[in-house]
Amino acid sequence: FKNCTVRLEHNVCYTQAKGIYIDTIKNGKARTNPISPYTAQLLQEMHKEQTDNYIVSPWVFTQDARGEVMHPQSPGRFLSRFGKRHGIKDCRPHKFRHTAVSLMITGGVDVATVAEIVGDNVDTILRIYTHTNEAAKAKAFEDYQAIINGTKSL
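Treat the numbers as computed from the prediction; the structure is a model and nothing was measured.

Student: Sorry, what's going on with the overall build of the chain here?
Tutor: Within the chain one finds six helices and four strands. Order of helices (α) and strands (β) in the chain, N terminus to C terminus: β-β-β-β-α-α-α-α-α-α. In summary, the chain has a C-alpha radius of gyration of 20 Å against a globular reference of 15 Å for 154 residues, an excess of more than 25%. Projected onto the principal axes, the alpha-carbon positions of the chain cover approximately 65 × 35 × 35 Å. Counting across all 154 residues of the chain, residues that qualify as buried make up 20%. Partitioning the contacts of the chain with sequence separation of at least 6, the portion at a separation of at least 24 is 41%. For the chain, the accessible area works out to roughly 11600 Å², and carbon and sulfur atoms hold 57% of it. The centroid of the 20 positive side-chain charges in the chain is displaced by 5 Å from the centroid of its 15 negative side-chain charges.

Pasting the structure below:
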C-alpha cells in the first residue's frame with residue numbers, strides 16, 4: 001500500500017474437470033506493477049473490511065466469508081450483466097487490458113515498458129495491440145518535422 005504497487009505472482013483458473021486451481025501467471029514471471037494511490041486506498045479498505053469480519057485469506061478478492069478465492073469467471077459474468085443493463089456491447093475484463101495497452105502506446109509509453117506491465121513480450125504487443133490511427137500518424141509526422149526543422153530536440 002505504501003509504495004502503491006501490486007505484485008502479480010499467481011493465476012486463478014477454472015476448468016470443469018479441476019474446479020478452481022492456482023497456476024503460474026502468463027509467461028511464468030512474477031511482476032510488480034504500479035497502482036494509483038486511489039486504488040491502493042480501496043484495496044487497503046477492502047483488506048480492513050475483511051480483517052474486521054474475521055476473514056483471514058491470502059487472497060485479495062474472496063467469494064465468501066470463509067476467505068475462499070473468488071471464482072475466476074465472476075468478474076466476466078458481472079461485466080456481462082453490467083454491459084447488458086447499460087447497453088455496452090461485449091463488456092468483458094480483457095477489453096480493459098486491450099484499452100489500457102492501446103492507450104499507453106498511443107500516449108507514448110515505450111513498447112518494452114508496456115510489455116513488462118502486462119506480462120507479454122514486445123513482439124506480441126506489436127503484433128496485437130499497436131493500432132495506428134490517423135491522429136497518431138499525424139502527430140508522429142508533426143514531431144518528425146519539428147525534429148528536422150530544429151524546433152524540437154530528441
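So much for the structure itself; the text now carries on.
Student: I keep staring at the packing of helix H4 (residues 111-118) against helix H5 (residues 122-129) and nothing clicks. Help me out?
Tutor: To describe two helices that pack against each other, one gives the angle between their axes and the distance between the axes. Close contact between H4 and H5 brings their axes to 9 Å; oriented N to C, the two are set at 100°. Taken as axis vectors, H4 and H5 run roughly perpendicular relative to one another. Of the residues in H5, those in contact with Val111, Ala112, Val114, Ala115 and Val118 of H4 are Val122, Ile125 and Leu126. Tallied by class, residues from the contact of H4 with H5 come to eight nonpolar, no polar and no charged.

Student: How should the pairing of strand S4 (residues 31-34) be read in this particular structure?
Tutor: Within a regular beta strand, the side chains point alternately toward one face of the sheet and then the other, so they alternate between its two faces. By the alternation rule, side chains of S4 split into Arg31 and Asn33, which are all buried, and Thr32 and Pro34, of which none is buried. Pairing of strand S1 (residues 5-8) with S4 involves four bridges; the strand directions are antiparallel. Its bridge partner being in S4, Arg7 is matched across the sheet by Thr32.

Student: Even after reading the chapter, I still don't get the layout of surface pockets, so can you show me in this structure?
Tutor: The rolling of a water-molecule-sized probe over the atoms marks out the regions of remaining empty space. Reported here for the largest pocket is a volume of approximately 2200 Å³. In this structure, the largest pocket is lined by 41 residues; those nearest its centre are Val6, Leu8, His10, Val60 and Phe61. Its residues placed into classes, the lining of the largest pocket shows 25 nonpolar, 11 polar and five charged.

Each value, and the rule that gives it
Here the residue index of a chain counts from 1 through its sequence in written order. Reporting of local features is limited, given that this is a predicted model, to residues whose pLDDT is at least 70; pairs of side-chain atoms are given and counted only at 80 or more, and all residues count toward the totals for whole chains, interfaces and linings. Side-chain numbers here rest on the full set of heavy atoms in the structure, without hydrogens or water. Helix and strand labels come from DSSP, where a helix needs a run of H or I of at least four residues and a strand needs a run of E of at least two; each type is numbered from the N terminus. C-alpha atoms define the radius of gyration, and 2.2 Å times the number of residues to the power 0.38 defines the globule rule. Three exposure classes are used, based on accessible area relative to the maximum for each residue type with a 1.4 Å probe and protein chains only: buried under 20%, partly exposed in between, and exposed over 50%. Contact definition: two residues touch when any of their heavy atoms are within 4.5 Å. Accessible surface area values rest on a Shrake-Rupley calculation with a 1.4 Å probe, where residue burial reflects the displayed protein chains alone. Residues scored as positive are Lys and Arg, those scored as negative are Asp and Glu, and His as well as the terminal groups of each chain are ignored. All charge positions are set by atom: Lys at NZ, Arg at CZ, Asp at CG, Glu at CD. Axis lines are fitted through C-alpha atoms, for helices just across the contact stretch, and the angle between N-to-C directions can take any value from 0 to 180 degrees. Working rule for angles: under 35 degrees goes down as roughly parallel, over 145 as roughly antiparallel, 65 to 115 as roughly perpendicular, anything else as oblique. We call Asp, Glu, Lys and Arg charged. Ala, Val, Leu, Ile, Met, Phe, Trp, Tyr, Cys and Pro are nonpolar, and the rest, Gly among them, are polar. At least two DSSP bridges between two strands are needed for those strands to be called paired. Put simply, the grid is 1 Å and covers the protein atoms alone, a cavity is a trapped set of points that fit a 1.4 Å probe, a pocket is an open set with protein on both sides within 12 Å along at least five of seven lines, and lining residues have an atom within 4 Å of a point. Grid points are joined across faces, edges and corners, and a volume is the space filled by probe spheres set on the points.

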